[in-house]
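# Results of the structural survey
Here is how the chains run, residue by residue.
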Amino acid sequence: MDLHRGGLLGPAPQRVGRLVLLNGTPSSGKTTVAKALQEELTEPFFHLSLDELRGGYPRRYWRQDHGGVLFRRVLDGYLHMLRDLTVLGHDVISEAVITPPMLDHYLTLYEGIPVLFVGIRCPLEEVERRERARTDRTSVPPLDEPVHAHGCYDLEVDTSVHGPAEVAELIAAALAGPPAPSAFDRLRAVRRSHL
Ligand SMILES: Nc1ncnc2c1ncn2[C@@H]1O[C@H](COP(=O)(O)OP(=O)(O)OP(=O)(O)O)[C@@H](O)[C@H]1O
């Protein structure tokens, strides 16, 4: 796929940026890890949570979004926006809740982009405890099994065992020597073998 595209600053950048994709159930700790990772890394990594992007629409639109149509459109915008940032040379940290029907979309959308796929694990009892303690949004049910059903990562961490700074160190080490083939390449190979 030809990712070459010029920007406001002239010709396309020398390299496509890296994408650190943190996948886990709500309240597994993705946003917390993303912020700790930005602190850990010496190079600048862009991070925006889906919740922050959702804030672009006033609350009344979300109250009317009963079929989830607005949510899906904003999620799609989020994923495409992060892809475009990597194409323009930004290194990016992204959060994801990838259930099995969604996986193909990610594999196709991020073809040609170096993805470090990180499983953010956390036991369900701890996820539920964190959900109950949250005041920033209405509680949502955990999705642990479907989110990790594909069973393939470059790195898996458990945020009930390792604190955010430790997890950030593990991810930084994986970024310094990313596995090859990457988890996304292995998942694409599995997809091709089923065609
Ligand atoms: N390692 C941790 N130890 C204890 N509490 C944590 C840890 N990581 C996150 N939390 C707490 O759990 C709550 C949810 O964390 P966070 O927002 O990072 O999860 P998330 O996976 O990004 O959730 P969502 O998908 O809903 O955005 C927060 O209150 C956060 O402070």
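Preceding this section is the structure that the text describes.
Now for a quick tour of the structure. (Residues numbered from 1 in each chain as written. Predicted model: local features only at pLDDT ≥ 70, side-chain atom pairs only at ≥ 80, totals over all residues. Heavy atoms only, no water.)

### Brief notes about helix α8 (residues 164-176)
Under the 1.5 Å per step criterion, the end-to-end length of α8 is 18 Å for 13 residues, consistent within 8% with the ideal 18 Å. Within α8, the full set of buried residues consists of Val 167, Ala 168, Ile 171, Ala 172, Ala 174 and Leu 175. Taken down its axis, α8 places every buried residue within 160° of arc, on the same side. What points out from α8, more than 90 degrees from its buried face, is the exposed set Ala 165, Ala 173 and Ala 176. Residues of α8 that are buried make contact with β1 (19-23), α1 (30-40), β2 (45-47), β4 (115-121) and β5 (155-158). (Helix = DSSP H or I, 4+ residues; strand = E, 2+ residues; numbered from the N terminus. Expected span 1.5 Å × (residues − 1). Buried < 20%, exposed > 50% of the residue type's maximum accessible area, 1.4 Å probe, protein only. Arc of directions from axis to C-beta. Contact = heavy atoms within 4.5 Å.)

### Things to note about the environment of Leu 75
Assignment of secondary structure puts Leu 75 in helix α4 (residues 69-87). With 70 residues separating them along the chain, Leu 75 and Glu 145 place their C-alpha atoms 21 Å apart.

### Re the packing of α1 against α8
Two elements in contact, α1 and α8, have axes whose closest approach is 8 Å; the angle formed by their N-to-C orientations is 65°. Here α1 and α8 pass one another in a crossing that is right-handed. Contact with α1, carried on its side by Thr 32, Val 33, Ala 36, Leu 37 and Glu 40, involves Pro 164, Ala 165, Val 167, Ala 168, Glu 169, Ile 171 and Ala 172 of α8 and no other residues of that element. Classifying every residue of the contact of α1 with α8 by side-chain character gives 9 nonpolar, 1 polar and 2 charged. (Axes fitted to C-alpha atoms, helices over the stretch in contact; angles between N-to-C directions. Left-handed = near helix turned anticlockwise from the far one by under 90°. Nonpolar A, V, L, I, M, F, W, Y, C, P; charged D, E, K, R; others polar.)

### Remarks on the pattern of salt bridges
Following the criterion strictly, the structure yields 10 salt bridges and no others. A salt bridge links Arg 18 to Asp 91, with the nearest nitrogen and oxygen atoms 3.0 Å apart. Remark: Asp 91 occurs in strand β3 (residues 91-96) and Arg 18 occurs in the segment before β1; sequence separation between them is 73 residues. Residues joined by salt bridges that share partners form a network here, namely Arg 15, Arg 18, Glu 43 and Asp 91. (Salt bridge = Lys/Arg side-chain N within 4 Å of Asp/Glu carboxyl O.)

### Topic: the packing of aromatic side chains
Tallying each qualifying case throughout the model produces 5 aromatic pairs. Taking 6.3 Å as the distance between ring centres and 80° as the angle between the ring planes, the aromatic pair formed by Tyr 57 and Trp 62 counts as edge-to-face. For Tyr 57, a relative accessible area of 34% gives the class partly exposed. Consider the rings of Phe 117 and Phe 184, whose centres lie 4.9 Å apart with planes at 75°: the pair is edge-to-face. Remark: Phe 184 occurs in helix α9 (residues 183-193) and Phe 117 occurs in strand β4; sequence separation between them is 67 residues. When its relative accessible area of 1% is taken as the criterion, Phe 184 is described as buried. One aromatic cluster is present, formed by Tyr 57, Tyr 61 and Trp 62 through successive ring pairs. Lying over the aromatic face of Trp 62, Arg 54 brings its terminal NZ or CZ to 4.3 Å of the ring centre. (Phe/Tyr/Trp six-rings, centres within 6.5 Å; stacked < 30°, edge-to-face > 60°. Lys NZ or Arg CZ within 6 Å of the ring centre and 35° of its normal.)

### Regarding the packing of helix α5 (residues 100-109) against α9
Between α5 and α9, whose axes approach to 10 Å, the crossing angle comes to 115°. Here the hand of the crossing between α5 and α9 comes out left-handed. Together, Leu 103, Asp 104, Tyr 106, Leu 107 and Thr 108 of α5 and Phe 184, Leu 187, Arg 188 and Arg 191 of α9 make up the contact between the two elements. Within the contact of α5 with α9, the residues separate by chemical class into 5 nonpolar, 1 polar and 3 charged.

### Concerning the layout of surface pockets
Here the idea is plain: a probe the size of a water molecule rolls over the atoms and shows the empty space left. Volume-wise, the largest pocket comes out at about 1500 Å³. Surrounding the largest pocket, 43 residues form its lining, Leu 50, Asp 51, Arg 54, Phe 71 and Arg 137 being those nearest its centre. Those elements that place two or more of their residues in the lining of the largest pocket are α1, α2 (50-54), α3 (59-63), α4, β3 and α5. Among the residues making up the lining of the largest pocket, the classes are represented as 15 nonpolar, 13 polar and 15 charged. Space inside the second largest pocket adds up to approximately 170 Å³. What lines the second largest pocket is a set of 15 residues, and nearest its centre among them are Pro 114, Val 115, Leu 116, Pro 178 and Ser 182. Of all elements in the fold, only β1, β4 and α9 reach the threshold of two or more residues within the lining of the second largest pocket. With 3 residues, α9 is the largest single contributor of residues to the lining of the second largest pocket. For the lining of the second largest pocket, the residue count by class is 10 nonpolar, 1 polar and 4 charged. (1 Å grid on protein atoms, 1.4 Å probe; cavity = no way out; pocket = protein on both sides within 12 Å on 5 of 7 lines; lining within 4 Å. Points joined across faces, edges and corners; volume = space filled by probe spheres on them.)

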